Amino acid sequence: MEEKFKVTPWEVSGKIDYNKLIKEFGVSRIDEILLKRIEKHTGKLHFMLRRKIFFAHRDLKWILDEYEKGNKFFLYTGRAPSGPIHLGHLLPWIFTKWLQDKFGVELWFQFPDEEKVLIKNNITFKDTEKYLHENMLDVIALGFDPKRTHFIIDTKHANLMYKEACEVAKKITFSMVKSSFGLNEQANIGSIFYTSMQAVPAFLPSIIKGKKTPCLIPHAIDQDPHFRLTRDIMPKIGQYKPASIQCSFLPPLSKAEGKMSSSEAQTSILTTDSPKEVERKIRKYAFSGGKDTIEEHKKKGGNPDVDVSFQYLRMFFEPDDEKLKQIEKDYKSGKLLTSELKEILIKKINTFLTEHQKKREKAKKEIDKFIYKN
Ligand code: TRP
């Protein structure tokens, strides 16, 4: 029997079938030819491309065509501040930073601080204000170039955005939103309008510069409905359709499927977690693909495909292909025990987070440099 799963910008549940999503959403798989073409410009590919963690796209060929003609694109991604940042959030941003460095391009980073106020029952503007600040620190800590990175905050840059959002909204009907997001007649009208705000940064730089500029949006696959709609509308207001590149989700600790979520503190690792907390969470909650007893594990070996610790190494913490392969082999053969695999991961996460937390502290003085001044 087929398992049910759901992927929308506001709900991800069940065991996600990414092949099915590619078909349903109408995105294209990133093939070897495209990878070769990217490699020509970047040198060695990022492991998230090599391992197909970024697995799908829209119009990436066009972005490269334009780039090769000397017409640089800009990057656009974002975060709706509504809670603390966990490792799953960082995954696409780390890749975005790599793109910024390799292609030498601008990044427009949107903080739609109204999104979750409109969508969720229990989030207020007081919450989003606090998390806006906290979340900006995490983004800055990843090392984006302040000269080429612009934060736009919906409520603070409303003067710049609202007119453009209305141009978009005028071309979207209620029935389009209903079918794209699964909203019904009971949905509040703010949630129906919201997608037009998320469309704006895909062409705002073109408006500001007075020159149509290609846009590439790196994002987790759940955001695609917003940009599918955006792409439909853009030609109607005389703008380019944004291109996009999609990644899969870092799973929660409890299961090697679905999506890490900060509303489940026990199954997510936050960027502010202490080494002790990381240790405790991984040891206690990280779902293991190992066998029940050490004897059995040594005889039969573990299953890395369902092992959350292994998946975190593959998707985030072990960029070295050779090392990853060795770990996989040893785990499958039973030579590497679950407890040992977990220790490898704990060390990696804690090394990363210690650095990240230092940079996060420093970022407190840098916020102003990143906020777009109009
Ligand atoms: N809707 C996203 C969220 O829930 C935030 C967001 C705004 C975004 N613009 C984006 C995400 C562009 C990816 C790309 O966090």
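Quick caveat, the model's predicted, so the values are computed rather than measured.

A look at the domain arrangement of the protein chain
Item 1. Segmentation of the protein chain into domains returns domain 1 (6–248) and domain 2 (265–361).
Item 2. Computed over C-alpha atoms only, the centres of domain 1 and domain 2 are separated by 29 Å.
Item 3. Between domain 1 and domain 2 lies a buried interface of about 1700 Å² when both sides are counted; carbon and sulfur atoms form 61% of it.
Item 4. Sorting the residues of domain 1 by area buried against domain 2 places Arg51, Leu87 and Ala141 first, and these three jointly supply 38% of that buried surface.
Item 5. Joining domain 1 to domain 2, the criterion identifies 4 salt bridges.
Item 6. The interface formed by domain 1 and domain 2 holds 12 residue pairs in polar contact (both at pLDDT 80 or more) in total.
Item 7. If you list the elements that add at least two residues to the side of domain 1 that touches domain 2, you get helix H3 (47–50), helix H5 (87–103) and helix H7 (125–141).
Item 8. Per-class residue counts for the side of domain 1 that touches domain 2 are 12 nonpolar, 2 polar and 4 charged.

Looking at the pairing of strand S8 (residues 215–220)
Item 1. Across the 6 residues that make up S8, a large majority, 6, are buried.
Item 2. Neither face of S8 is left uncovered, since the one carrying Cys215, Ile217 and His219 and the one carrying Leu216, Pro218 and Ala220 both have all their residues buried.
Item 3. Here S8 runs beside strand S9 (residues 243–247); their pairing, made up of 5 bridges, is parallel. Across the sheet, residue Leu216 finds its bridge partner in S9, namely Ala243.

As for the sheet that holds S8
Item 1. Read across the sheet, 7 strands follow the order S3-S4-S9-S8-S5-S6-S7 without closing on themselves; strand pairing throughout is mixed. Among the strands making up the open sheet, the edge pair consists of strand S3 (28–29) and strand S7 (149–153).
Item 2. Bridge count for strand S5 (residues 74–78) against S8 is 2 bridges, and the pairing is parallel. Looking at the pairing, Leu75 lines up with Leu216 of S8.

Points about the layout of surface pockets
Item 1. A volume near 1000 Å³ is recorded for the largest pocket.
Item 2. Listing elements by their share of the lining of the largest pocket, those giving two or more residues are strand S2 (11–14), S5, H5, helix H6 (115–119), helix H10 (189–199) and S8.
Item 3. Considering every element that reaches the lining of the largest pocket, the biggest residue donor is H5, with 5 residues.
Item 4. Partitioning the lining of the largest pocket into residue classes produces 20 nonpolar, 17 polar and 8 charged.
Item 5. Taken as a whole, the second largest pocket spans an internal volume of roughly 590 Å³.

Definitions and limits used
- Residues numbered from 1 in each chain as written.
- Predicted model: local features only at pLDDT ≥ 70, side-chain atom pairs only at ≥ 80, totals over all residues.
- Heavy atoms only, no water.
- Domains from an automatic or database assignment.
- Buried area = accessible area lost by both parts, 1.4 Å probe.
- Salt bridge = Lys/Arg side-chain N within 4 Å of Asp/Glu carboxyl O.
- Polar contact = N/O pair within 3.5 Å; in protein donor to acceptor, adjacent residues only side chain to side chain.
- Helix = DSSP H or I, 4+ residues; strand = E, 2+ residues; numbered from the N terminus.
- Nonpolar A, V, L, I, M, F, W, Y, C, P; charged D, E, K, R; others polar.
- Buried < 20%, exposed > 50% of the residue type's maximum accessible area, 1.4 Å probe, protein only.
- Pairing = 2+ DSSP bridges.
- 1 Å grid on protein atoms, 1.4 Å probe; cavity = no way out; pocket = protein on both sides within 12 Å on 5 of 7 lines; lining within 4 Å.
- Points joined across faces, edges and corners; volume = space filled by probe spheres on them.

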